[in-house]
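This is what each chain is made of:
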Amino acid sequence: MYAQALDQKDKSAEPQADDAARMERFQARIDAEEKIEPNDWMPEAYRRTLIRQISQHAHSEIIGMQPEGNWLTRAPTLKRKGQLLAKIQDEAGHGLYLYAAAETFGVTREELYEQLLSGKAKYSSIFNYPTLTWADIGVIGWLVDGAAIMNQIPLCRCSYGPYARAMVLVCKEESFHQRQGYEIMLALCRGTPEQKAMAQDALERWWWPVLMMFGPSDRDSQHGETSMRWKIKRFSNDGLRQKFIDATVPQAQHLGLTVPDPQLAFNAETGHWEHGPIDWAEFNRVLAGHGPCNVQRMRRRTRMHEDGAWVREAAAAYAAKKRARAQRPAA
Amino acid sequence: MTEAPTPLWEVFIRPRNGLAHRHVGSLHAADAEMALQSARDIYTRRGEALSIWVVPSSAIVACDPADKGMMLEPTATKIYRHPTFYEVPEEVGNM
Amino acid sequence: MRPSADPINPDRRAAWLIRLGDDALMLGHRLSEWSSRAPTLEEDIALSNLALDLIGQTRAFYQHACKLEGGMRDEDGLAFRRSEHEFRNVQLVEQLNGNFADTIVRHVLFSAFAYPFHRALSRSHDPEVAGIAARAGNEMAYHLRHSGEWLIRLGDGTAESHAKAQAALDMLWPYVDELFASDALDREMAESGFGADPAQVRPAFDSAVERVLSEATLERPPAAPGHRGGRDGVHTEHLGHLLAQMQYLQRAHPGASW
């Protein structure tokens, strides 16, 4: 997103006498809804938090290609095949925009890949669940992308300029994804009893993991408060989760599907759907690497990275040869 | 082992004739031809462009925000460069 | 022109268009298998674009063919409910992706044929065919440029990439002749002004490939007996596996809508 041509000294190494004053000015800029740009002064913790958050977001886009890609070669019609491919391609693009936003902090994409492959960096736990039937592709578009959009729209106003700009692009492109998923669900629910059963089964497997996508309850969230103050995050996990449930339950009803939560009930007083308890033990298990597909996803990503090494080396070698030829004086 | 980084390029597109090229993002490519093709494949998938530029990021020279006082602020006091600085009697009308 | 005034049986015209759709479908399907597996993120996106172009061409040719047939089948009937021997694509496009060099060589060979071929076909007297071919011609021009530039980098990159590119070329070259092996149907379509004759674009293919190979420092393999049979429904072992996967849902749920 941004050139790193500016030759910055490692300022974090020098003790800053006026850190408190800088910090105050920094917070004042954020409070005034000013954007922070790559070469501006920023607290080290702001920088670290954003590198972590943006790169996790990028990794999620890239790993998220796998569960959907699992059905690319089995898409049931030519139209669906094209739509799904375009959607997965968008996700690759979103990963790329986000890596570029993280790179504005001076970290390279290669370093970010390494953090992912070594297991140091995380990605959204939702992608550690398997796509077992075609209906899963519908549910991913409808619910996973629906939840992602709800998380992402506020990020378009994030205080860090490059991240906010990347998110504007992402949200613009993402708008067809949820519709594509819902359309698949509609076709299945209007289809044969077998297709309808496929749709119900997929909703049952994905509902709870999707609710977990909004992150731990606000009571247990570690990063919430500072992130809110820095406008890296604009809504609480529980607030967004509630918004999502309120939007989604009527959509499920329209499909004639049953949300797998016996405690789900509409509270006429608050106007919200109240849900049963979320199994945070499962969330933590998957996050810790013990989900159904964690190992599979990482192995695939590692293999792809290794398999492509000789191609990247060839491109670099050719570019070097071409530069050398251009510099050689004409005989 | 971290791989050697592939060069970074900045992408500019002209959305339609009459408009200037606008920075839309960046990408990695080993050379200019690959950068141009990637820019086409990544940033014009929805018919956004009539023209594409790619520039090696390393070729861009940026000013340091630390020099803001020297580089950018002195113009703030030169308000006589703005039309609203001048008074035109109302009866003269727009000028 | 009224269809009835055309001396050529619409079914024969449809059959000919289905060949072109079959070529595009198999190659598009193969390229879609690269999704989330490409050597770089940038190239992942590029390969998906190529695949989407080809899937779009498939649909356009199939839809027009179905119209000519009188609507007894639709595009999905053609893609998902025909058996292996009913497909009429050339054998080149069903070959496995292999490594990146195999995919790139396959793509250079196909697009060096398809680009001039669609350019010729864009002069069809059937305005719809002419329109589809004009679009496809533009698309294939980019496919040739993209895959050609990659082949140059692989051929003139490292010793390893050079060896892989040459091996891919040697493996796939025997599938080249089939692209240009006109049969009676090809000639009939070309003579009537509806189609184009693949044999006529061989010189354009040769010069495009020659240019890329020389820049890539790769050797053009010697002429040798080639494989053919795709246009008659005779395929390599790979097609059956491709179809088993691609057609699975339509076969498992006959009559369902998706």
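It should be noted that the structure appears before, not after, this text.
Small disclaimer: the values here were computed from a predicted structure and weren't measured. (Residues numbered from 1 in each chain as written. Chains lettered and ligands numbered in written order. Predicted model: local features only at pLDDT ≥ 70, side-chain atom pairs only at ≥ 80, totals over all residues. Heavy atoms only, no water.)

Some thoughts on the overall build of chain B
Across its full length, chain B holds two helices and three strands. Radius of gyration (C-alpha) of chain B: 21 Å, far over the 12 Å computed for a compact globule of 95 residues. Over its C-alpha atoms, taken along the principal directions, chain B stretches across nearly 70 × 35 × 15 Å. Among the 95 residues that make up chain B, the fraction classed as buried is 31%. Nonlocal contacts in chain B, meaning residues at least 24 apart in sequence, comprise 41% of its contacts between residues at least 6 apart. (Helix = DSSP H or I, 4+ residues; strand = E, 2+ residues; numbered from the N terminus. Rg over C-alpha atoms; globule rule 2.2 N^0.38 Å. Buried < 20%, exposed > 50% of the residue type's maximum accessible area, 1.4 Å probe, protein only. Contact = heavy atoms within 4.5 Å.)

With respect to the overall build of chain A
Helix and strand counts for chain A come out as 13 helices and two strands. For a compact globule of 331 residues, the expected C-alpha radius of gyration is about 20 Å, and chain A comes in at 22 Å, within 12% of that figure. Expressed along its principal axes, the backbone C-alpha trace of chain A runs to roughly 75 × 60 × 35 Å. The buried share of chain A, reckoned over its 331 residues, is 55%. Long-range pairs, those at least 24 residues apart, make up 78% of the contacts in chain A with a sequence separation of at least 6. For chain A, the exposed area adds up to about 14600 Å²; of that, 53% sits on carbon and sulfur atoms. (Areas by Shrake-Rupley, 256 points an atom, 1.4 Å probe, with all protein chains shown as cover.)

Some thoughts on the side chain of Thr236(C)
Residues and elements named next belong to chain C. Topologically, Thr 236 is positioned in the loop between helix H9 (202–215) and helix H10 (237–246). Look at Thr 236 and you get buried, because its relative accessible area is 13%. Discounting chain neighbours no more than four positions away, the residues touching Thr 236 are Glu 84, Gln 91, Glu 94, Gln 95 and Tyr 175.

What about the interface of chain A and chain C?
The interface is formed by 47 residues belonging to chain A together with 49 residues belonging to chain C. Interface area for chain A against chain C, summed over the two sides, is near 4100 Å², with a carbon-plus-sulfur share of 66%. Scanning the region where chain A abuts chain C turns up three salt bridges. A salt bridge links Arg109(A) to Glu42(C), with the shortest nitrogen-to-oxygen separation between them at 2.7 Å. Contributing elements (two or more residues each) for the side of chain A that touches chain C: helix H3 (65–69), helix H4 (78–103), helix H5 (109–117), helix H7 (161–189), helix H8 (193–212), helix H12 (294–307) and helix H13 (309–327) of chain A. The biggest single contributor to the side of chain A that touches chain C is H4(A), with 14 residues. (Buried area = accessible area lost by both parts, 1.4 Å probe. Salt bridge = Lys/Arg side-chain N within 4 Å of Asp/Glu carboxyl O.)

Looking at the interface of chain A and chain B
If you look at the interface, chain A gives 30 residues, while chain B gives 26 residues. The contact between chain A and chain B buries some 2200 Å² in all, and 52% of this surface belongs to carbon and sulfur atoms. On inspection of chain A and its partner chain B, the count reaches five salt bridges. The partner of Arg45(B) in a salt bridge is Asp90(A), with the nearest N and O atoms 2.5 Å apart. Taken together, chain A and chain B are joined by eight residue pairs in polar contact (both at pLDDT 80 or more). Listing elements by their share of the side of chain A that touches chain B, those giving two or more residues are H4, H5, H7 and H13 of chain A. Split by residue class, the side of chain A that touches chain B holds 15 nonpolar, five polar and ten charged. (Polar contact = N/O pair within 3.5 Å; in protein donor to acceptor, adjacent residues only side chain to side chain. Nonpolar A, V, L, I, M, F, W, Y, C, P; charged D, E, K, R; others polar.)

Observations concerning the environment of Asn49(C)
All names here are of chain C. Looking at the element boundaries, Asn 49 is found in helix H2 (residues 41–69). Here Asn 49 falls in the buried class, since its relative accessible area comes to 12%. Separated by 166 residues in sequence, Asn 49 and Glu 215 have C-alpha atoms that sit 25 Å apart.

A short note on helix H10 (residues 237–255) of chain A
Residues and elements named next belong to chain A. Over its 19 residues, H10 extends 27 Å from the first C-alpha to the last, a length consistent with the 27 Å expected when each residue adds 1.5 Å. Buried within H10 we find Asn 237, Leu 240, Arg 241, Gln 242, Phe 244, Ile 245, Asp 246, Thr 248, Val 249, Ala 252 and Leu 255. Where H10 is buried, its residues meet helix H6 (134–152), H7, H8, strand S2 (272–274) and helix H11 (280–290). Looking one or two places after H10, you find Gly 256, whose phi comes out positive at around 80°. (Expected span 1.5 Å × (residues − 1).)

Looking at the nonpolar core
Counting residues in each nonpolar core, the largest one holds 192 residues, and the members touching the most others are Tyr46(A), Trp134(A), Tyr160(A), Trp207(A), Phe244(A) and Leu154(C). Leave out the neighbours within four places in its chain, and Tyr46(A) touches Phe26(A), Ile30(A), Ile36(A), Ser159(A), Tyr160(A), Trp230(A) and Ile232(A). (Core = buried A, V, L, I, M, F, W, Y, C linked by side-chain atoms within 4.5 Å.)

Remarks on a nonpolar patch on the surface
Together, Ile79(B), Tyr80(B), Phe85(B) and Tyr86(B) line one region of the surface with nonpolar side chains, adding up to about 420 Å² of accessible area. With respect to the element layout, Tyr86(B) can be found in the segment after helix H2 (68–71). (Patch = residues over 30% accessible without salt bridge, like charges linked within 9 Å, V, L, I, M, F, W, Y side chains within 5 Å.)

What about the packing of aromatic side chains?
A complete count under the given rule lists 28 aromatic pairs over all chains for this structure. Residues Tyr46(A) and Trp230(A) carry aromatic rings whose centres are separated by 5.6 Å and whose planes lie at 85° to one another, so their mutual orientation is edge-to-face. Taken together, the positions of Tyr46(A) in helix H2 (residues 44–63) and Trp230(A) in the loop between helix H9 (224–229) and H10 put the pair 184 residues apart, joining distant regions of the chain. Taken together, the ring pairs in this structure connect Trp16(C), Phe110(C), Phe113(C), Phe117(C), Trp173(C), Phe180(C), Phe194(C) and Phe205(C) into an aromatic cluster. Here the basic side chain of Arg74(A) rests over the ring of Trp71(A), its NZ or CZ set 3.7 Å away from the ring centre. Across from the ring centre of Tyr142(C), 3.4 Å away, lies the NZ or CZ of Arg40(B), which sits over that ring. (Phe/Tyr/Trp six-rings, centres within 6.5 Å; stacked < 30°, edge-to-face > 60°. Lys NZ or Arg CZ within 6 Å of the ring centre and 35° of its normal.)

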